[in-house]
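Survey of secondary and tertiary structure
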Amino acid sequence: MTAQCNEGAATVEEGKDTLVDQELLTSDPDELRQLAKIAREKGQIDRACNLLGDACEITCNREGTDTCKAMAAVLFDFGDCLLAKEEESLDILNADGGENGSDMDNVLGGGSSTKSAMDRLQEAVDMVKATRERELATGKGADEDAESDVDDLQLAWENLEQCRNCLQLFTEEEMPWDLARRCHSRLGDFLQLQERYPQACEEFEKALEICNKCCPPVDARERAVILLRLGECQRQEDKEKGKKTLLEAKALLEGHQQQHDKNDD
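Per an unreviewed UniProt entry, the protein chain goes by the name Tetratricopeptide SHNi-TPR domain-containing protein and belongs to Perkinsus marinus.

This is the structure in structure tokens:
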């Protein structure tokens, strides 16, 4: 029985590899999101971004708008994945900080663009797909670094901000609170990368406030992570306030670890 189970597990893993490595086999956004999750687990973050770009495009076309409840989760996944990609290449990002900083000033300030959010999203998705097509045409693997026409950091911001807009369509009773918490937390991460510490603090504080509304409750470790990021931003303006928040995060982590050790005993 054990051998059969192991063989079955191996078959499932092989199936996952095949699905991730092959071209798009589904037009279902939820299935694309699941494939993207598998790709991220395998370290194929570029492929995950491509799959989520497809999921955004399909959902947007199906709903006829990018500002609707159905878009919230897929926009978050796409923005989160793009931001994670930039975080992985943080050293490169910092080396070119001036140029990226200038671009972000336009985005965060509202910019001078007259294009709608849907137009920008469609352009971004088209550019991501064009990058994938070039990779396939040249035989370049998904794990290789390729030049991209997309400013991933700007696109991450636009997707996360649009996710926030979609979340505002939910009533208090139907709000997906965990998604809202994660959205505010990742917006805070983005703003922290841009050294916009007061704005980042606002997002982290909103994320902490939402923690109390999540069901099931957010565990102590996740709260502590948000507190750590909040404290790091606070101490840029007020060292004592930041230190107090960081100590609170430390105490929360220690309490969580003690409870974990107690449960193990």
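Another aspect to go through is the overall build of the protein chain. Broken down by element type, the protein chain carries 12 helices and zero strands. Beginning at the N terminus, the succession of helices and strands in the protein chain can be written as α-α-α-α-α-α-α-α-α-α-α-α. Taking all 265 residues of the protein chain together, the buried fraction comes to 40%. For the protein chain, contacts bridging at least 24 residues in sequence account for 65% of all contacts bridging at least 6. Counting only carbon and sulfur atoms, one obtains 46% of the accessible surface of the protein chain, whose full area is about 14800 Å².

Attention now moves to the UniProt feature "domain: Tetratricopeptide SHNi-TPR" (unreviewed entry) in the protein chain. Feature annotation in UniProt assigns "domain: Tetratricopeptide SHNi-TPR" (unreviewed entry) to the following positions: residues 183–217. Split by type, residues 183–217 is 74% helix and 0% strand. Its first and last C-alpha atoms lie 17 Å apart.

The next thing to look at is the pattern of salt bridges. A complete count under the given rule lists 16 salt bridges for this structure. For Lys-69, the salt bridge goes to Glu-174, with nearest N and O atoms at 2.6 Å. Of the two residues, Lys-69 is situated in the loop between α3 (45–63) and α4 (72–88) and Glu-174 in the loop between α8 (152–167) and α9 (177–193); the sequence distance between them amounts to 105 residues. In this structure, the salt-bridge partner of Arg-164 is Glu-161, at a minimum N-O distance of 3.2 Å.

With that settled, consider the nonpolar core. Note that soluble globular proteins tend to have their nonpolar side chains buried in a common cluster. Ranked by size, the top nonpolar core spans 55 residues in total, and within it Met-71, Phe-78 and Leu-167 carry the most contacts. Elements with a contribution of two residues or more to this core: α2 (29–41), α3, α4, α8, α9, α10 (197–211) and α11 (220–234). Of the domains in this structure, domain 1 (24–92 + 152–169) and domain 2 (171–264) are the two that each give at least three residues to this core.

Attention now goes to the environment of Met-175. Counting through the fold element by element, Met-175 comes out in the loop between α8 and α9. What makes Met-175 buried here is its relative accessible area of 16%. For the pair Met-175 and Cys-214, spaced 39 residues apart in the sequence, the C-alpha separation amounts to 9.6 Å. Apart from the residues within four sequence positions on either side, Met-175 is in contact with Leu-167, Phe-170 and Ala-180.

Throughout the structure, instances matching the rule amount to one aromatic pair. On the numbers, 4.8 Å between centres and 35° between planes, the contact of Trp-157 with Phe-190 is tilted. Residue Trp-157 is found in helix α8, and its partner Phe-190 is found in helix α9; the two are separated by 33 residues along the sequence. Owing to a relative accessible area of 0%, Phe-190 belongs among the buried residues under this scheme. The lysine or arginine in question, Lys-69, covers the ring of Phe-170, its NZ or CZ lying 5.6 Å from the ring centre.

This next bit is on unusual backbone geometry. Residues Cys-215 and Pro-216 are joined by a peptide bond in cis, for which omega reads 5°. Along the chain, the position of Pro-216 falls in the loop between α10 and α11. One non-glycine residue, Glu-195, lies in the positive phi region at around 60°. On the secondary structure map, Glu-195 appears in the loop between α9 and α10. For Glu-195, a relative accessible area of 57% gives the class exposed.

Attention shifts here to α10. Note that an α-helix has 3.6 residues per turn; residues three or four places apart therefore point the same way. With 15 residues, α10 should cover 21 Å at 1.5 Å per step; its first-to-last C-alpha distance of 21 Å lies within 8% of that length. Of all the positions in α10, only Tyr-197, Ala-200, Cys-201, Glu-203, Phe-204, Ala-207, Leu-208, Ile-210 and Cys-211 are classed as buried.

What counts, and where the lines are drawn
Residues numbered from 1 in each chain as written. Predicted model: local features only at pLDDT ≥ 70, side-chain atom pairs only at ≥ 80, totals over all residues. Heavy atoms only, no water. Helix = DSSP H or I, 4+ residues; strand = E, 2+ residues; numbered from the N terminus. Buried < 20%, exposed > 50% of the residue type's maximum accessible area, 1.4 Å probe, protein only. Contact = heavy atoms within 4.5 Å. Areas by Shrake-Rupley, 256 points an atom, 1.4 Å probe, with all protein chains shown as cover. UniProt positions renumbered as here; feature names shortened; annotations may be inferred. Salt bridge = Lys/Arg side-chain N within 4 Å of Asp/Glu carboxyl O. Core = buried A, V, L, I, M, F, W, Y, C linked by side-chain atoms within 4.5 Å. Domains from an automatic or database assignment. Phe/Tyr/Trp six-rings, centres within 6.5 Å; stacked < 30°, edge-to-face > 60°. Lys NZ or Arg CZ within 6 Å of the ring centre and 35° of its normal. Expected span 1.5 Å × (residues − 1).

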